[in-house]
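# Observations on the model geometry
So the chains spell out like this:
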Amino acid sequence: MGVIGRVWVGARSLVTGLGVTGRHFVRRPVTLLYPHQTPDASRWNGPIDLKIFAATGTHDCIACNACVRVCPSDCIDVEGRRPEGSKKMRATKFLIDFSTCSLCGLCIDVCPTDTLEYSTRYDEAMYTRPDTVNDLLGRFGEDPYLAGKLT
Amino acid sequence: MSALQGWLAGYITWTLATLLLGTVVIMGFLTFNTLFLIWLERKVSAHIQRRYGPMEVGPHGALQTVADMLKLLGKQLLTPVATDRFVYLAAPFLIFLPTLCVASLIPVSGAEAFAQMPYGLIVIIALSGFTVIAIFMAGWSSNNKYAVLGGMRSVSQVIAYEIPILLAALSVVMLAGSMNLREIVAAQARGVPYLLVQPVAALLYFIGITAETNRAPFDIPEAESELVGGFHTEYSGMRFALFFFAEYTNMLVLGALGATLFLGGWLGPWLPGPVWLLLKAYALVFVMMWMRWTFPRLRFDQLMTFAWKLLIPVALVNLVVTALLVSGAG
C-alpha cells in the first residue's frame, strides 16, 4: 500500500474512533451518584442475617448449632437457653465474624428452621477489627419467647 | 481603537487607566475561561467514558474548578534545591504572557479585542511560538531529567508543527490578500468562510494547533506515563496553575484564531459578534477535547515523521496550488 493508501486508512480509522466516542458522549452515564443514588441490591448476597418471620415478628433461631458445625470458616458463635415451659431452645447470642466469613451459604442451607438468609447490605465498612463481628441479635431487642410473651 | 478601548472610553478618558482596566478585564475573562474549560474537559472526558464527572460542588459541579483554584492558591510553593532559580521562577510568567498578548490581538467584532496591529496574524504566530522558550526554560531550570526530556520534546514538536500552521495560514493570507485579521474576516464576509475554500489548510491548521498546545494525541512533552509531568514536574501550587492557565488560554486563543481564519470570525446572524467568535472557538476547543479522549498518544518518531514527511509537504502543495489559482484568477 502506498503513502496515500496508508493515509486514507489511517484517517478513516481516526474518524471511526471519533464516531465511537461521540456516540458514547451523548448516551446516558452508566455510573451512579453513589451517596445520593444507591444500586438495586435486591438480588445481592450480603452478610448473613437472621430472617424475620411475619407470623411472629421475630426470628426462629433454636440455637441448634448446626450452622456452627457446618461453617468451614468457623466464624459463627451461637448460645441459647430454653424458655420456661417450652420445648425449643432460643438463641441468646448469635455472632458472625464477617472478617473470616466467606459467604459460602452453607449455614443458610443447613438451618432447620430456615431462619438464616443473605442480607442485601453491600457497603459495610468498619474501622476496627472487633467491629467486623456482626451481632445478629442486636436489632431484635427483647426476645418475646424468652420474655414469655410467645410460646 | 480596539473593541475594549472603545467600550472603556465611554467611561474614562485617561489612557493608562484604560490600559490597566482593559488588562484586568482580559485577565478576568481568561481566568473564567480557564476555569470553564477545565470543567468542560472533565465533563467531556466523563461523558465519553459514560460517567458523570464532577457533580458535587455547585450545579453539575460548575464550581469544582473554583474550589480547585482556591486550593492551589493556598498551597505551598516548593522550589527544588538545585534549580536555576531565576529561570525557574520566570518560566511560569513567560509562558503565560504571550498567550495574554495574543488574546488581545484577536478581532472580536470589527475591531481587535484590545491591541491594534496592522499585521496581526504574523504577530500572533510569532508570539505563540514564544511559549516554547518558556516551556524549555521550565524544563531546563527544574534540574530534573523528566522535565528536561519534556522540554526538549516540546521544542522539537512545536518547531515542527509551527511550519504547517504558518503555511496553512499563508494560503488564507493569499486568498484574502492581507495579513490583517480584520481584512481576512471582511474577505470572508464578501464570499464564503475559508473552511469551504481551503479545507486542507483548515485541517492542517487544526492538527497544528493541537500539537502546538501540547494536546493529545500530541501531548508528548507532558506524557504522564513516560515523563511524570513533563516540563512542569517540579512546579507546585500557583506556579503549576499558571502552566495550566497558559495551556487552556492557548487552546481558546488558537481556537479563536482558527475561527477567524477559517470559520468567518465574528460573522453570524442574530447574535452579536463576540458571541459568535466565542461559539466558534469553543466548538473547535470541544473537538480538541473530543480528540484527546479518543486517540492514543503518538510515539515521538511517529510525531516527527507525521509533521515533516506528511503535513509539511501537503501544506506546501496546498500553498503552491493556492498561489497558482490566486494568480490565475487575479
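These figures come from a predicted structure and were not determined experimentally. Every chain begins its residue count from 1, and numbering advances along the sequence as written. Throughout, the order in which chains and ligands are written sets their labels, letters from A for the former and numbers from 1 for the latter. Under the rules for a predicted model, residues below a pLDDT of 70 receive no local features and side-chain atom pairs below 80 are neither given nor counted, while totals for whole chains, interfaces and linings still include all residues.

## Observations regarding the overall build of chain A
- Every helix listed is a DSSP run of H or I at least four residues long, and every strand listed is a run of E at least two residues long, numbered separately from the N terminus. When helices and strands are tallied, chain A shows three helices and five strands.
- Counting helices and strands in the order they occur from the N terminus, chain A gives α-β-α-β-β-α-β-β.
- Projected onto the principal axes, the alpha-carbon positions of chain A cover approximately 95 × 30 × 30 Å.
- Burial status across chain A gives 15% buried among its 151 residues.
- In chain A, once contacts between residues fewer than 6 apart in sequence are set aside, the share between residues at least 24 apart is 71%. Each residue is classified by how many other C-beta atoms fall within 10 Å of its C-beta atom, where C-beta atoms are placed from the backbone; a count of 20 or more means buried, 12 or fewer means exposed, and values in between mean partly exposed. For the purpose of contact definition, each residue receives a C-beta atom placed from its backbone, and two residues are in contact when these atoms lie within 7 Å.

## Comments concerning the overall build of chain B
- Helix and strand counts for chain B stand at 13 helices and zero strands.
- Going from N to C terminus, chain B has its helices and strands arranged as α-α-α-α-α-α-α-α-α-α-α-α-α.
- Every radius of gyration here is taken over C-alpha atoms, with the globule rule written as 2.2 Å times N^0.38, N being the number of residues. For 330 residues, the compact-globule estimate of 2.2 N^0.38 gives 20 Å, and chain B sits close to it at 20 Å.
- Dimensions along the principal axes, computed over C-alpha positions, put chain B at roughly 60 × 55 × 45 Å.
- Burial analysis of chain B (330 residues in total) assigns 44% to the buried set.

## Re the domain arrangement of chain A
- The domain limits used here are those given by an automatic or database domain assignment. Segmenting chain A into domains produces domain 1 (1–30) and domain 2 (48–135).
- When each unit is reduced to the centre of its C-alpha atoms, the spacing between domain 1 of chain A and domain 2 of chain A is 56 Å.

## So, helix α13 (residues 300–329) of chain B
All names here are of chain B.
- Expected helix span is taken as 1.5 Å per residue step, with the number of steps being one fewer than the number of residues. Its 30 residues place the ends of α13 42 Å apart at the C-alpha level, agreeing with the 44 Å of an ideal helix rising 1.5 Å per residue.
- Its axis deflected by about 30° at L311, α13 carries its strongest bend there, up to four residues before the proline P313.
- Residues of α13 that are buried: L303, F306, A307, L311, A315, N318 and T322.
- Where α13 is buried, its residues meet α6 (145–176) and α9 (199–212). What we call the bend at a residue is the angle made by axes fitted to the seven residues finishing there and the seven residues starting there.

## A word on unusual backbone geometry
Residue and element names in this part refer to chain A.
- At A63, a position not held by glycine, the phi torsion is positive, near 50°.
- Considering the arrangement of structural elements, one finds A63 in the loop between β1 (48–50) and α2 (66–70).
- Judged by the 19 C-beta atoms lying within 10 Å of it, A63 is partly exposed.
- Phi is positive for D114, close to 55°, though the residue is something other than glycine.
- Among the secondary structure elements, D114 is positioned in the loop between α3 (106–110) and β4 (116–118).

## Notes on the packing of helix α3 (residues 64–74) of chain B against helix α11 (residues 237–262) of chain B
Residue and element names in this part refer to chain B.
- Structural elements are reduced to axes, namely lines fitted to C-alpha atoms, with helices fitted over the stretch in contact, and the angle between N-to-C directions of any two is expressed from 0 to 180 degrees. Where α3 contacts α11, the two axes come as close as 6 Å, and the packing angle between them is 135°. In terms of their interaxial angle, α3 and α11 are classed as oblique. Packed against α3, whose contacting residues are M69, L72 and L73, the element α11 presents G237, M238 and A241 at the interface.
- A breakdown of the residues in the contact of α3 with α11 according to their chemical character gives five nonpolar, one polar and no charged. With respect to orientation, any angle under 35 degrees is reported as roughly parallel, any angle over 145 as roughly antiparallel, any angle of 65 to 115 as roughly perpendicular, and every other angle as oblique. Residues were grouped as follows: Ala, Val, Leu, Ile, Met, Phe, Trp, Tyr, Cys and Pro as nonpolar; Asp, Glu, Lys and Arg as charged; and all remaining residues, including Gly, as polar.

## A closer look at the nonpolar core
- A set of buried residues drawn from Ala, Val, Leu, Ile, Met, Phe, Trp, Tyr and Cys, joined through C-beta atoms within 7 Å, is what defines a nonpolar core. If you look at the biggest cluster of nonpolar residues, it comprises 80 residues, and the most contacted ones within it are B:A169, B:V172 and B:Y205.
- Looking at which element gives the most residues to this core, the answer is α11(B), with 14 residues.
- Excluding anything up to four places from it in sequence, B:A169 contacts B:L121, B:I125, B:Y205 and B:L261.
- With 16 residues, the next largest nonpolar core counts A:I62, A:C67, A:A91 and A:L136 among its residues.

## Details of the environment of B:A103
- Inspection of the secondary structure puts B:A103 in helix α4 (residues 85–103).
- For the pair formed by B:A103 and B:A134, sequence separation is 31 residues and the distance between their alpha carbons is 18 Å.

## Some words on the pairing of strand β3 (residues 90–97) of chain A
Residue and element names in this part refer to chain A.
- By the bridge criterion, six bridges tie strand β2 (residues 76–81) to β3 in an arrangement that is antiparallel. By the bridge assignment, E79 is partnered in β3 with K93.
- A pair of strands is treated as paired once DSSP finds two or more bridges between them. When β3 meets strand β5 (residues 133–135), the two strands line up antiparallel, connected through three bridges. Bridge pairing in β5 places D97 opposite V133.

## A short note on the interface of chain A and chain B
- Listed by partner, the interface residues are 13 residues for chain A and 11 residues for chain B.
- Grouping the amino acids of the side of chain A that touches chain B by side-chain chemistry returns seven nonpolar, five polar and one charged.

## Quick look at the sheet that holds β3(A)
Residue and element names in this part refer to chain A.
- Reading across the sheet, the three strands line up as β2-β3-β5 and stay open at both edges, with antiparallel pairing between neighbours. Every interior strand has two partners, whereas the edge strands, β2 and β5, have only one. Neighbour to neighbour, the strand axes of the sheet diverge by 15° on average, direction disregarded.

## Some remarks on the packing of α4(B) against α11(B)
Residue and element names in this part refer to chain B.
- For the pair α4 and α11, interaxial distance at closest approach is 9 Å and the crossing angle is 25°. In terms of axis orientation, α4 runs roughly parallel to α11. Handedness of the crossing formed by α4 with α11: left-handed. Where α4 abuts α11, its residues P92, I95, F96, T99, V102 and A103 lie against R239, L242, F243, F245, A246, T249, N250 and V253.
- Along the lines of polarity and charge, the residues of the contact of α4 with α11 split into 10 nonpolar, three polar and one charged. It is the rotation of the near helix from the far one that decides the hand of a crossing: anticlockwise by less than a right angle makes it left-handed, clockwise makes it right-handed.

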